[in-house]
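Results of the structural survey
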Amino acid sequence: MKKIKISEERQKQIQTLWNKFKADQKSEEEASDCKGLDKIITQWKEYREKIIKGTLKLEDYTNKVGSPTANMPGGYLCNFLERTTRDLLGSSKPGSAYNFEIKLNDDNSTYFIKGAEKGNQLKDEAEIYFESNIKILLKNIVEEEDLKEKIKIVEEASYSAKQVLMKMAVLDNLTDFIYIYSEQCTAVS
């Protein structure tokens, strides 16, 4: 601003206006982030309630965005945790949708199931795996109130996408974690 041919007083006024503008922008961004986080937490509560009540269905867990049965926030839980929450709570990509252990195939009628000999399993088989493996794990994580025990459940799970389980722990304990999803889950006390 030294090379601009306006008075020093006017330069100070402009600098003051610029600094106020930057501060206001930051406040608006923070307010927007808070609104976005409130929305994510409200959406998470929809999933959380279904998990606790035992009413979370296979379609709520894995689906295709845009499908008539994908009517939960983000379409379905895996997508919600991986994509909907990433801007504010960090990325928790599992590397591949196969790491969610059950995945609706592109034909919209068969499923990949972890450990199955063939990749095209019927919905009945997918529901059995979901009910006996995944649904129980999700419920244990959500219902556990002790932070150290919650971390222990995540760490000891044989589930392939542990970073997604960590995201669930974060959603229940926003101020207790650093939003970095790796094998070394970090709690802040």
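Counting of residues starts from 1 at the beginning of each chain's written sequence and follows it residue by residue. It should be noted that, the model being predicted, local features are given only for residues of pLDDT at least 70 and side-chain atom pairs only at 80 or more, the latter also being counted only at that level, while totals for whole chains, interfaces and linings use all residues. Side-chain calculation: all heavy atoms of the structure are included, whereas hydrogens and water are not.

Some points on the overall build of the protein chain
Here a helix means four or more residues in a row that DSSP labels H or I, a strand means two or more in a row labelled E, and each is numbered from the N terminus. A count of helices and strands for the protein chain gives seven helices and two strands. Reading the protein chain from its N terminus to its C terminus gives the helix and strand order α-α-α-α-β-β-α-α-α. Burial classification: accessible surface area is computed with a 1.4 Å probe over protein chains only, and a residue below 20% of its type maximum counts as buried, one above 50% as exposed, and the rest as partly exposed. Burial status across the protein chain gives 38% buried among its 189 residues. Considering only contacts within the protein chain whose residues lie at least 6 apart along the sequence, 54% involve residues at least 24 apart. Methods summary: accessible areas were calculated by the Shrake-Rupley approach with a probe of 1.4 Å, and residue burial reflects only the protein chains presented. Carbon and sulfur atoms make up 50% of the accessible area of the protein chain, which totals about 11,500 Å². Should any heavy atoms of two residues lie within 4.5 Å, those residues are considered in contact.

What about the pattern of salt bridges?
Between side chains of opposite charge, a pair can form as their charged atoms come close. Any carboxyl oxygen of Asp or Glu that lies within 4 Å of a side-chain nitrogen of Lys or Arg is treated as forming a salt bridge with it. As enumerated under the stated definition, the model contains eleven salt bridges in all. A salt bridge links K50 to D60, with the shortest nitrogen-to-oxygen separation between them at 3.0 Å. Of the two residues, K50 sits in helix α1 (residues 8–53) while D60 sits in helix α2 (residues 58–61), which places them ten residues apart along the sequence. In this structure D60 comes out as buried when scored by relative accessible area, which is 2%. The salt bridge partner of K123 is E59, with a shortest N-O separation of 2.1 Å.

Details of the confidence of the model for the protein chain
Confidence of the prediction at every residue is given by pLDDT, a number between 0 and 100. In this model, the protein chain carries a mean pLDDT of 83, and residues with pLDDT of at least 70 account for 83%. Throughout residues 28–32 the model reports pLDDT below 50, and contacts reaching past four residues in sequence, or to other chains, amount to zero contacts. Note that pLDDT drops below 50 for residues 182–189; the model gives that stretch 17 contacts with residues more than four away or on any other chain.

Digging into the layout of surface pockets
Cavity: a set of points on a 1 Å grid over the protein atoms alone where a 1.4 Å probe fits but cannot get out. Pocket: an open set with protein on both sides within 12 Å along at least five of seven lines, its lining residues, like those of a cavity, having an atom within 4 Å of a point. Grid points are joined across faces, edges and corners, and a volume is the space filled by probe spheres set on the points. In this model, the largest pocket occupies a volume close to 210 Å³. Lining the largest pocket we find 17 residues, and of these Y76, E82, R83, A97 and F100 sit closest to its centre. For the lining of the largest pocket, the secondary structure elements donating two or more residues are α3 (77–84) and β1 (102–104). In terms of residue count, the dominant contributor to the lining of the largest pocket is α3 (four residues).

Considerations on helix α5 (residues 123–143)
In this scheme, the bend at a residue equals the angle between the axes fitted to the seven residues that finish there and the seven that begin there. F130 marks where α5 bends most, by close to 45°. Regarding α5, the residues found buried are A126, Y129, F130, I134, K135, L137, L138, I141 and V142.

What about a negative patch on the surface?
A residue counts toward a patch only above 30% relative accessible area and without a salt bridge, and it is joined to like-charged neighbours within 9 Å or, for Val, Leu, Ile, Met, Phe, Trp and Tyr, to nonpolar neighbours within 5 Å. Only four residue types enter the tally: Lys and Arg on the positive side, Asp and Glu on the negative side; His and the chain ends are excluded. In plain terms, the charge of a residue is placed at NZ if it is Lys, CZ if Arg, CG if Asp and CD if Glu. Among the surface-exposed residues, D146, E149, E155 and E156 lie close enough to one another that they form a single negatively charged patch. In this fold, E155 is placed in helix α6 (residues 147–156).

With respect to the packing of aromatic side chains
Only Phe, Tyr and Trp rings take part, Trp by its six-membered ring, and two of them pair if their centres are within 6.5 Å. Stacked means planes under 30 degrees apart, edge-to-face means over 60, and tilted covers everything else. Counted under the stated rule, the structure contains three aromatic pairs. Centre to centre, the rings of Y61 and F130 are 5.4 Å apart; their planes meet at 40°, and the pair counts as tilted. Placement of Y61 in helix α2 and of F130 in helix α5 is noted, with a sequence separation of 69 residues between them. In this pair, the class of Y61 matches that of F130, namely buried. Each ring, one from Y98 and one from F112, has its centre 4.6 Å from the other, and the planes form 75°; the classification is edge-to-face. Residue Y98 is located in the loop between α4 (86–89) and β1, and its partner F112 is located in strand β2 (residues 111–113); the two are separated by 14 residues in the primary sequence.

With respect to α3
For α3, a buried count of six out of eight residues is recorded, marking the element as mostly surrounded by other parts of the structure. Of the positions making up α3, those classed as buried are L77, C78, N79, F80, L81 and E82.

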